[in-house]
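Letter by letter, the chains look like this.
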Amino acid sequence: QVQLVEAGGGLVQSGGSLTLSCAASGHTVSTVATGWFRQAPGKEREFVAAFSVSGIRFYAASVKGRFTISRDNAKNTVYLQMNSLKPEDTAIYYCAAGIVGDPSRSEYPYWGQGTQVTVSS
């Protein structure tokens, strides 16, 4: 079975940093696209960052320069390093994986349960 488990969310002050992790089982993260998405209350799920199937990094304009996606193939885990956090980054963050045509679209077959990130002012 394919499973994705997010961890690392929490409460942080504006300007602070958090690192989220997504531990995968049932597939190898280096052979599929992997993405991070977020959803705030009352809003649509939005793209944050992703690796394409070929390993190219993509970022939403709102986080580029502040967030970094990375992976540890030995641990089969994808990370999202978030720096210079802003209150508008507050959301539930989800990781996703699978073979998809466009890694920035929320059409992945596998999703994690989500982890809450709250940024205070």
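Coordinates for the structure precede this section.
Residues numbered from 1 in each chain as written. Predicted model: local features only at pLDDT ≥ 70, side-chain atom pairs only at ≥ 80, totals over all residues. Heavy atoms only, no water.

A.B. asks: What is the right way to look at the pairing of strand E1 (residues 3-7) in this model?
C.D. replies: Of the two faces of E1, only the one carrying Leu4 and Glu6 is buried; Gln3, Val5 and Ala7 on the other face are not. As paired elements, E1 and strand E3 (residues 18-25) share five bridges and run antiparallel to each other. By the bridge assignment for E3, Gln3 is matched with Ser25. (Buried < 20%, exposed > 50% of the residue type's maximum accessible area, 1.4 Å probe, protein only. Helix = DSSP H or I, 4+ residues; strand = E, 2+ residues; numbered from the N terminus. Pairing = 2+ DSSP bridges.)

A.B. asks: What is the right way to look at the packing of aromatic side chains in this model?
C.D. replies: Two aromatic rings, taken as a pair, are described by how far apart their centres are and by the angle between their planes. What the rule picks out here adds up to four aromatic pairs. Ring geometry for Phe37 against Phe47: centres 5.7 Å apart, planes inclined by 70 degrees, an arrangement best described as edge-to-face. Highlighted residues: Phe37 in strand E4 (residues 33-39) and Phe47 in strand E5 (residues 46-51), separated in sequence by ten residues. A residue is classified by how much of its surface remains accessible, and Phe47, at 14% relative accessible area, is buried. With relative accessibility at 1%, the residue Phe37 sits in the buried group. Above the plane of the ring of Trp111 lies Arg45, whose end atom (NZ or CZ) is 4.2 Å from the centre. (Phe/Tyr/Trp six-rings, centres within 6.5 Å; stacked < 30°, edge-to-face > 60°. Lys NZ or Arg CZ within 6 Å of the ring centre and 35° of its normal.)

A.B. asks: What is the right way to read the pattern of salt bridges from this model?
C.D. replies: Between side chains of opposite charge, a pair can form as their charged atoms come close. Evaluated as defined, the whole model comprises four salt bridges. Residue Asp89 is joined to Arg66 by a salt bridge in which the shortest nitrogen-to-oxygen separation is 2.8 Å. In this pair, Asp89 sits in the loop between strand E8 (77-82) and strand E9 (91-98) while Arg66 sits in the loop between strand E6 (57-59) and strand E7 (67-72), placing the two residues 23 residues apart along the sequence. A relative accessible area of 11% places Arg66 in the buried class. A salt bridge links Glu107 to Arg105; the nearest nitrogen and oxygen atoms lie 3.0 Å apart. (Salt bridge = Lys/Arg side-chain N within 4 Å of Asp/Glu carboxyl O.)

A.B. asks: Is there a simple way to think about the side chain of Asn76 in this case?
C.D. replies: The residue Asn76 is located in the loop between E7 and E8 in this model. On the basis of relative accessibility, which here comes to 15%, the residue Asn76 falls in the buried class. Here Asn76 is in contact with Cys22, Ala23, Ala24, Ser25, His27, Thr28 and Val29, once residues within four sequence places are set aside. (Contact = heavy atoms within 4.5 Å.)

A.B. asks: Mind showing me how you'd approach the state of the cysteines here?
C.D. replies: Linking two cysteines covalently through their sulfur atoms gives a disulfide. A complete count under the given rule lists one disulfide for this structure. A sulfur-sulfur separation of 2.1 Å characterises the disulfide bridge that pairs Cys22 with Cys95. Handedness of the Cys22-Cys95 disulfide follows from its S-S torsion of about 60 degrees: it is right-handed. Highlighted residues: Cys22 in strand E3 and Cys95 in strand E9, separated in sequence by 73 residues. (Disulfide = S-S within 2.5 Å.)

Function-wise, these values are silent; they only describe arrangement.
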